[in-house]
Amino acid sequence: VEHVLKGHEPYPALAVDRHWNMVAANSAVAILAGLAAPHLFEPPVNVLRIALHPEGLAPHIVNQGEWRAHLLERLDHQIDASADAGLIALREELAGYPAVEDEHHRSAANGIAVPLILDTPMGQIRFVSTVTIFGTPVDITLSELAIEAFFPADAESAALLQTLATT
């Protein structure tokens, strides 16, 4: 897992458990972490909380309504499949955070390639992400891990991320 995360640099990637708690991250995640309040990084560090919390990434997300709807829909699918009480509690918490007016925005891509567009002090960065799960793990703990890898969605974002990696 560490090798995969490191190999994705200079782009952010992180490993999460089934409750979206961060287990590991590469150094490029610092770009995102620098936008959120430090108290959100007290264990357990929940990446969905960081994304949607008013002191997290939410104020920096240009397409907050679309991204929020995307994350909540992903969480709903997990809850439907597992009925996990921890995920249900997390969903209730996240739904209680303030939302932009366009809360029910649905992506034209129907959730397949919802971009994450961030306003940062360095400039706007556009990402698309992929989630990798381990299909036939030998270790039961590995079966509960997923890697979310963020890719630049355009040449400008790629160039900015390359520059940030070298500074």
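Everything below is about the structure printed above this text.
Everything numeric in this text was worked out from a predicted model, so none of it was measured.

Analysis parameters
Residues numbered from 1 in each chain as written. Predicted model: local features only at pLDDT ≥ 70, side-chain atom pairs only at ≥ 80, totals over all residues. Heavy atoms only, no water. Helix = DSSP H or I, 4+ residues; strand = E, 2+ residues; numbered from the N terminus. Buried < 20%, exposed > 50% of the residue type's maximum accessible area, 1.4 Å probe, protein only. Contact = heavy atoms within 4.5 Å. Arc of directions from axis to C-beta. Polar contact = N/O pair within 3.5 Å; in protein donor to acceptor, adjacent residues only side chain to side chain. Pairing = 2+ DSSP bridges. Axes fitted to C-alpha atoms, helices over the stretch in contact; angles between N-to-C directions.

Caption draft 1: Focus on the overall build of the protein. In terms of helices and strands, the protein carries 6 helices and 5 strands. For the protein, the α and β elements follow one another from N to C terminus as α-β-β-α-α-α-α-β-β-β-α. By the burial criterion, 43% of the 167 residues in the protein qualify as buried. Look at the contacts in the protein between residues 6 or more apart in sequence, and 56% of them connect residues 24 or more apart.

Caption draft 2: Expanded view of helix α5 (residues 85-95). Listed in full, the buried residues belonging to α5 are L87, L90 and L94. Buried residues of α5, viewed axially, fall in a sector of 60°; they line one side. Across from the buried face of α5, at angles greater than 90 degrees, the exposed residues are A85 and E92. The inward-facing, buried residues of α5 abut α3 (47-52) and α4 (64-82). With a side-chain oxygen positioned 2.7 Å from the backbone nitrogen of G86, the residue opening α5 is D84.

Caption draft 3: Here's a closer look at the side chain of D84. Tracing the backbone through its elements, the reader meets D84 in the loop between α4 and α5. Overall, the relative accessible area of 12% leaves D84 in the buried class. Apart from the residues within four sequence positions on either side, D84 is in contact with R18 and H19.

Caption draft 4: Seen up close, unusual backbone geometry. Residue E9 is joined to P10 through a cis peptide bond whose omega torsion reads 20°. The residue P10 is located in the loop between α1 (2-7) and β1 (13-16) in this model. The omega torsion across P43 and P44 is -5°, close enough to zero to call that bond cis.

Caption draft 5: Geometry of the sheet that holds strand β5 (residues 146-152). An order of β2-β1-β5-β4-β3 is seen for the 5 strands of this open sheet, with the pairing classed as antiparallel. Each having just a single partner strand, β2 (22-25) and β3 (116-120) make up the two edges of the open sheet. Ignoring which end each strand starts from, the neighbouring axes of this sheet average 30° apart. Bridge analysis of β1 against β2 gives 3 bridges, and the strand direction is antiparallel. Residue pairing for β2: L14 is matched across the bridge by A25. Of the strands in this sheet, β4 (123-133) and β5 touch helix α6 (residues 155-166), which is tilted by about 90° from β4.

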